[in-house]
Amino acid sequence: MTNEAIPDLPEFNDSALDKAFAALERRATDDAAALPSPEAVEAFRLRWLGRKQGLLSEVSSRWLKAAPPEAKKPVGERFKTLKELVERLLDQAAGAGPTDAALAAEAIDITLPGTRRLTGAEHPITRTLNEITQVFAALGYSVGVGPEVETDYYNFESMNFPPGHPARDTQDTLVVANQERRPLRDRLLLRTHTSPVQMRTMEQQPPPVRIVIPGKVHRNDAADATHSPIFHQVEGLCVDTNITFSDLKGTLDHAMKALFGSSVKTRFFPSFFPFTEPSADVQISCIFCGGNGCRKCKQSGWIELLGCGMVDPAVFAFAALKQPAYDPRKISGFAFGMGVERIAMMKYGISEIGQFYAGDMRFLGQFA
Ligand code: DAH
């Protein structure tokens, strides 16, 4: 574009000004319409905004400075509008910067799939734990919890493991350091089972009690394919008048069928736990072979799953220290405890307990 000079203004009335400025606005707009390169944009800037020879400085000196006093304001306003237009045009030209090729290189392919946000899912242990508690909740049990750092009294003594009793050795755990000055019963340890919450529950409420207690427990056990020093249990306690071993059998038989399918059978074997008398281990018919015998059940057709028994009167005696209604001559009850990992491994066919804790999304994603 040739740099035509700015003509002098013959008149300074409104319509003459409108006409003159409209012509310049058109000229600037046309000029800015074809700026193919950064160099052309720069030339445009110099042509219009150049400090000495720019068209706007010429307009300023020829029109604005030359205007009679009463025309200064109308010329000034129009000049300001024109300058804003030129600056806007320049901004647009500069912003439109990149060439088609550069644009193509930066282009976003909006047909590509977006970044997927993973939705969380219950961990298989949490899920199994909830499933177990729900089976009992449906029977009218409530759900309780207790502390993971427990006293010797609740974890052992009140569960009828007297100090020095050999049964304590089967449940070795971490103890909190520097407690030698405390009486043994007050010393803290990581609970080895959820059973102490039986006592905590009974101390808080008189019978009847029907409660399940899910929770994390700790043992000095070497990790292998089926053992972990930290694992989960669900404890159960039912205390009322006239609770019998048949109630225990019926309840657990129902629970196993609810968890593993209605064709599962149960059988009870004599066992020992300090806090129950009599005690039993519960076996279920092998869910892998239907009881015919396979590698998983060591050809026996049965799999051992949990411990249970009738609450030992000695345990009620400890509860009665706080709640006299736990009088073993008037009430009776049963208790049971099961390992959540073991049940989850069976339900989902998992052979390595470590998978639960490894945080591997390929494993966990299968439960989503
Ligand atoms: N506390 C036992 C354990 O950790 C499991 C258990 C067995 C709990 C029998 C009970 C029960 O309540 O009656 O090995």
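Bear in mind the structure is a predicted one, so any value in this text is a computation, not a measurement.

Caption draft 1: Structural view of the nonpolar core. Counting residues in each nonpolar core, the largest one holds 43 residues, and the members touching the most others are Phe136, Leu252, Met256, Phe260, Phe336 and Met338. Elements with a minimum of two residues in this core: helix H6 (124-137), strand S5 (230-240), helix H9 (245-260), strand S7 (276-285), strand S8 (302-311), strand S9 (332-339) and helix H11 (340-348). Element by element, the count of residues in this core is highest for H9, at six residues. Apart from residues lying up to four places away in sequence, Phe336 is in contact with Phe136, Val212, Val234, Glu235, Gly236, Leu252, Leu306, Gly307 and Cys308. In terms of nonpolar packing, the next biggest core, distinct from the first, is built from 27 residues, Leu9, Leu85, Val86 and Leu89 among them.

Caption draft 2: Highlighting the packing of helix H1 (residues 14-33) against helix H4 (residues 72-95). In contact at an axis separation of 10 Å, H1 and H4 are set at 10° when each is read in the N-to-C sense. Compared by their axis directions, H1 and H4 come out roughly parallel. In this structure, H1 contributes Asp14, Leu17, Asp18, Phe21, Leu24, Glu25, Ala28, Thr29 and Ala32 to the contact, and H4 contributes Pro74, Val75, Arg78, Phe79, Thr81, Leu82, Leu85, Val86 and Leu89. Its residues assigned to classes, the contact of H1 with H4 comprises 12 nonpolar, two polar and four charged.

Caption draft 3: Fine view of the domain arrangement of the protein. Each assigned domain of the protein is listed with its residue range as follows: domain 1 (3-105) and domain 2 (124-367). Centre-to-centre, using C-alpha coordinates, domain 1 lies 87 Å away from domain 2.

Here is what the cut-offs are and how they apply
- Residues numbered from 1 in each chain as written.
- Predicted model: local features only at pLDDT ≥ 70, side-chain atom pairs only at ≥ 80, totals over all residues.
- Heavy atoms only, no water.
- Core = buried A, V, L, I, M, F, W, Y, C linked by side-chain atoms within 4.5 Å.
- Buried < 20%, exposed > 50% of the residue type's maximum accessible area, 1.4 Å probe, protein only.
- Helix = DSSP H or I, 4+ residues; strand = E, 2+ residues; numbered from the N terminus.
- Contact = heavy atoms within 4.5 Å.
- Axes fitted to C-alpha atoms, helices over the stretch in contact; angles between N-to-C directions.
- Parallel < 35°, antiparallel > 145°, perpendicular 65-115°, else oblique.
- Nonpolar A, V, L, I, M, F, W, Y, C, P; charged D, E, K, R; others polar.
- Domains from an automatic or database assignment.

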